[in-house]
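# Survey of secondary and tertiary structure
For reference, the chains in residue letters:
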Amino acid sequence: MDAAWVLAVAVQTPAHAGLGDVLSYAHTAPLPAGTLVRVPLGRREVLGVVWDSRAADGAQALPDGRVADADGVLLKPVTAALDALPPLDAAWRDLVAFAARYYQRGLGEVALAALPPQLRELDGTQLARRLKRRDRQARPVAAGTAEAPSAETALALSPEQAAVLAALAEESATPAPRPALLFGSTGSGKTEVYLQAVARCLAADPGAQALVMVPEINLTPQLEARFRARFAAWGDTAVVALHSGMTNPQRLQSWLAALTGQARIVLGTRMAVFAPLPALRLIVVDEEHDPSYKQQEGARYSARDLAVWRGRRQNAQVLLGSATPSLESWHHSRPADGEAPAGRYLRLQMPSRIGAGELPRVRLVDMQQQPAKTLISAGLLDAMTQRVTRGEQCMVFLNRRGYAPVLACSDCDWKSECPHCSAYRVFHKIDRTLRCHHCGFTERVPRACPSCGNPDIAPVGRGTERLEEQLATLFAGVRRPDGEPVRIARIDADSTRHEGALEAQLALVHSGEVDVLVGTQMIAKGHDFRRITLVAAVNPDSALFSSDFRAPERLFSLLMQSAGRAGRDSAWLAAQGSQAEMWIQTFHPQHPLFDALRRHDYPRFAAQQLQDREAAAMPPFAFQALVRADARTQEAAQAFLNTAGEAADALPEAAGVMRYPAVPLAVQRVANVERAQMLLESPSRAALQRLLAAWQPVLHDLRRSPVGQGVVRWLVDVDPQSI
Ligand code: ADP
Ligand code: ZN
Ligand code: ZN
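Residues numbered from 1 in each chain as written. Chains lettered and ligands numbered in written order. Predicted model: local features only at pLDDT ≥ 70, side-chain atom pairs only at ≥ 80, totals over all residues. Heavy atoms only, no water.

### Some remarks on the pairing of strand 12 (residues 265-268)
- Both faces of strand 12 are covered, namely the face carrying Ile265 and Leu267 and the face carrying Val266 and Gly268.
- Pairing geometry for strand 10 (residues 209-213) and strand 12, over 4 bridges, is parallel. In the strand pairing of strand 12, leucine 211 is matched with valine 266.
- With 4 bridges joining them, strand 11 (residues 239-242) and strand 12 adopt parallel strand pairing. By the bridge assignment, valine 240 is partnered in strand 12 with valine 266. (Buried < 20%, exposed > 50% of the residue type's maximum accessible area, 1.4 Å probe, protein only. Helix = DSSP H or I, 4+ residues; strand = E, 2+ residues; numbered from the N terminus. Pairing = 2+ DSSP bridges.)

Structure follows, in structure tokens:
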């Protein structure tokens, strides 16, 4: 064989196989890094990404097709190069390599997970055909021609929007633009800022691409429609979506459009951070505080944090937006204070609502003062009744789905425990089931107590189903302005299980069909409801005393977001002679969180939280990683972690990293597997990263040693979002 080349190819090997997942293959020619190839792996043929090629001098082809390099190492040949596609560029490969390193996973695993699943099934010819199809579909239309479909035009900017866009333009023009945090009230018009920032970026450079990320695209079907309408003049493939609700062929098409530059805008969820965007100039991360940006399996990456990294690598402007920024981003955007220098991010603000609308008035109901077992206080019920009879809508928010969290026997101590988890099964009255929300185990509700035979088993506590039922009773005598009975609807994970159900239910709310909307956090986020004037949180207290230090931050942001759904149409509100309100029923009205909420004062809340965090040396003043082990027994899980921990202590890299003992997870057993975790913490991100990297091989070895015998799986979570 004359010209043999050795290619390093990233492939997805079975997790923790210890193979390493960049494997060497032989090929007759060099291939540019980033080329997709098909290679043999074991008995299968798999997709891989060329990471690097080098000449293999003195290599010999063997009769069986393999190649022996000069040292006699046997290499299998590459089966096929998918070279109809442009190679994935260095910026993309760097992003993948960084994510793999930072989140402690295999390079091949992260690279392959970032590719659309359907790529794995296609050969070169099929792929070339898909590309051609794309070309035919893409008909760029010149802006302003008669051919352009009905385009939505840009709105006249409010002074605050104009100021923000001007500051952003100035920052983008600098050689290394800082990430910008747009701190804008709910209803301040952040979406219009995103739209115009994107428009300007595309107009400035004929090839430029923008990435717009949202937490959960299904929750905001309006947003995709708005982007399509706004950018209709750029051609019908200018905007593509990328999220897990799409079919594999759709995802592949979007991905190809991004890679080839046909797509100018990729609108997607966290996975979109890995979209190949060779001409990326702008990244928008909407609702940047949202926990769903953190991936919860495989490489547990934060798409927001990777967006910031990617922006710097590709010299693209990053714009993070939120009414309740994460404390991390808020801290990074702090202004200079005396001696202390400003943070690395630029902070931009839009405090006012569009149309001089006011944020809803917050009213706290002290549940201590209410008769025992009050569900909806008399004051709240009265306020809701008045609004509904005037034709306004109300939203009642309860973060627990199902009818009741527990079913219990009144005679003995039987409760609806899940036999497989350390948790109760939730009672769902609609289909009369007991369902475990952790492992999915579902059974019909027993007719009598399984333990003592008592037929009197009753629900304890309440979820959205029960709340819906109770509201129906409470509003039975109330009429809408048209004389019809009040209509109550519920939106949660159960009511929206079927394809298209959420869209249909949201449409009913928007059209005014629904008077009272009950739901979980699904209804609290993002929606631009125009006729909701009252929002109520009926039981937010549990998060006040959670052991997770981020619980108050989450609760505050959820309540602010919920409040943000009320009174979004200020002109209509004024015409109604009405004022928007947010009601909160709590047993702890004195809690400082509610005080800040009443003033809509995120900065005050953040300052107080950051002070606590700094005093306790917690993020963002420290960096954390969790190591988790799942095992047959809790002892085995903890023994594995503690042994691993002792091994970590012995590493030179352990200096400067605090290690805590292994503890069970809050829900300790799920699907008959016991779970434990161990926290590592350091004031230095680099120190923590060095230890994790050095520790990784130790953990792999330990898994194969006797102490790893009972371990089902282990994983590392860097910058965990819940502790
Ligand atoms: P946010 O995302 O900040 O909560 P939105 O982007 O949903 O707010 O904007 C709130 C409402 O204000 C939307 O109905 C939007 O169409 C409208 N809006 C935004 N900017 C303008 C503007 N410059 N002029 C008129 N209406 C606007
Ligand atoms: Zn019983
Ligand atoms: Zn279970």
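### Structural notes on the environment of valine 663
- Within the secondary structure, valine 663 sits in strand 29 (residues 663-670).
- The exposure class of valine 663 is partly exposed, given its relative accessible area of 39%.
- Valine 663 sits 260 residues away from tyrosine 403 along the chain, and the two C-alpha atoms are 32 Å apart.
- Discounting chain neighbours no more than four positions away, the residues touching valine 663 are Gln634, Gln638, Ala676 and Gln677. (Contact = heavy atoms within 4.5 Å.)

### Focus: the coordination of the zinc ion (ligand 3)
- Looking at the zinc ion (ligand 3), the protein donor atoms are Cys418 (SG), Cys421 (SG), Cys436 (SG) and Cys439 (SG), and they sit 2.2 to 2.4 Å from it.
- What the 4 donor atoms of the zinc ion (ligand 3) show is an angle range of 106 to 112° at the metal, which sorts the shape as tetrahedral.
- When the donor residues of the zinc ion (ligand 3) are listed from N- to C-terminus, their spacing reads C-x2-C-x14-C-x2-C. Highlighted residues: cysteine 418 in the loop between strand 18 (406-409) and strand 19 (426-428) and cysteine 436 in the loop between strand 20 (433-435) and strand 21 (442-444), separated in sequence by 18 residues. Each member of the pair, cysteine 418 as well as cysteine 436, carries the same accessibility label: buried. (Donors = N, O, S within 2.8 Å, 3.2 Å for Na, K, Ca; no water. Tetrahedral: all angles 85-135°; square planar, octahedral: opposite > 155°, others 65-115°.)

### Notes on the packing of helix 4 (residues 159-172) against helix 5 (residues 190-204)
- Between helix 4 and helix 5, the least distance of the axes is 10 Å, while the angle of their chain directions is 35°. Considering only the axes of helix 4 and helix 5, their crossing is right-handed. Taken together, the residues of helix 5 that come into contact with helix 4 (itself represented by Gln161, Val164, Leu165, Leu168 and Ala169) are Glu192, Val193, Gln196, Ala197 and Arg200.
- Residues belonging to the contact of helix 4 with helix 5 are distributed by class as follows: 6 nonpolar, 2 polar and 2 charged. (Axes fitted to C-alpha atoms, helices over the stretch in contact; angles between N-to-C directions. Left-handed = near helix turned anticlockwise from the far one by under 90°. Nonpolar A, V, L, I, M, F, W, Y, C, P; charged D, E, K, R; others polar.)

### Considerations on the pattern of salt bridges
- Enumeration according to the criterion identifies 43 salt bridges in this entry.
- Taking the shortest distance from any N to any O, the salt bridge between arginine 531 and aspartate 569 comes out at 3.3 Å. With arginine 531 in the loop between strand 24 (516-519) and strand 25 (532-537) and aspartate 569 in the loop between helix 13 (551-563) and helix 14 (570-576), this pair connects stretches of sequence that are 38 residues apart.
- Classification of arginine 531 as partly exposed rests on a relative accessible area of 29%.
- Residue classification places aspartate 569 among the buried residues on the basis of a relative accessible area of 17%.
- One network of salt bridges, with partners in common, ties together Arg363, Arg387, Arg390, Glu392 and Glu581. (Salt bridge = Lys/Arg side-chain N within 4 Å of Asp/Glu carboxyl O.)

### Re the sheet that holds strand 3 (residues 36-41)
- If you walk across this open sheet you meet the 5 strands as 2-1-4-3-8, and the pairing is antiparallel. Because the sheet does not close on itself, it has two edges, and the strands there are strand 2 (22-27) and strand 8 (80-81).
- Relative to strand 8, strand 3 is paired through 2 bridges, and the arrangement is antiparallel. Each bridged residue has a counterpart across the sheet, and for valine 37 the counterpart in strand 8 is alanine 81.

### Describing the domain arrangement of the protein chain
- Domain annotation for the protein chain reports domain 1 (5-114), domain 2 (155-354), domain 3 (357-401 + 463-615), domain 4 (404-461) and domain 5 (623-718).
- Taking the mean C-alpha position of each, domain 1 and domain 3 sit 53 Å from one another. (Domains from an automatic or database assignment.)

### Digging into the sheet that holds strand 15 (residues 346-350)
- The strand order 11-12-10-13-14-9-15 describes an open sheet built from 7 strands, whose pairing is parallel. Of all strands in the sheet, those with a lone pairing partner are strand 11 and strand 15, marking the two edges. When the angles between neighbouring strand axes are averaged without regard to direction, this sheet yields 20°.

### Quick word on the packing of aromatic side chains
- Tallied over the full model, the rule gives 11 aromatic pairs.
- When the ring of phenylalanine 227 is compared with that of phenylalanine 231, the centres are 6.0 Å apart and the planes differ by 20°; the resulting orientation is stacked. The same class applies to phenylalanine 227 and to phenylalanine 231, which are both buried.
- When the centroid spacing of 5.0 Å and the interplanar angle of 85° are considered together, the rings of tryptophan 330 and tyrosine 602 count as edge-to-face. (Phe/Tyr/Trp six-rings, centres within 6.5 Å; stacked < 30°, edge-to-face > 60°.)

### Structural notes on unusual backbone geometry
- Cis geometry is found at the peptide bond from proline 619 to proline 620, where omega equals 5°.
- Its location among the elements puts proline 620 in the loop between helix 16 (602-615) and strand 27 (623-631).
- The residue lysine 373 is not glycine, and still its phi comes out positive at about 65°.
- Relative to the helices and strands, lysine 373 resides in the loop between strand 16 (361-366) and helix 10 (378-389).
- With phi around 50°, arginine 432 is a residue other than glycine that occupies positive phi space.

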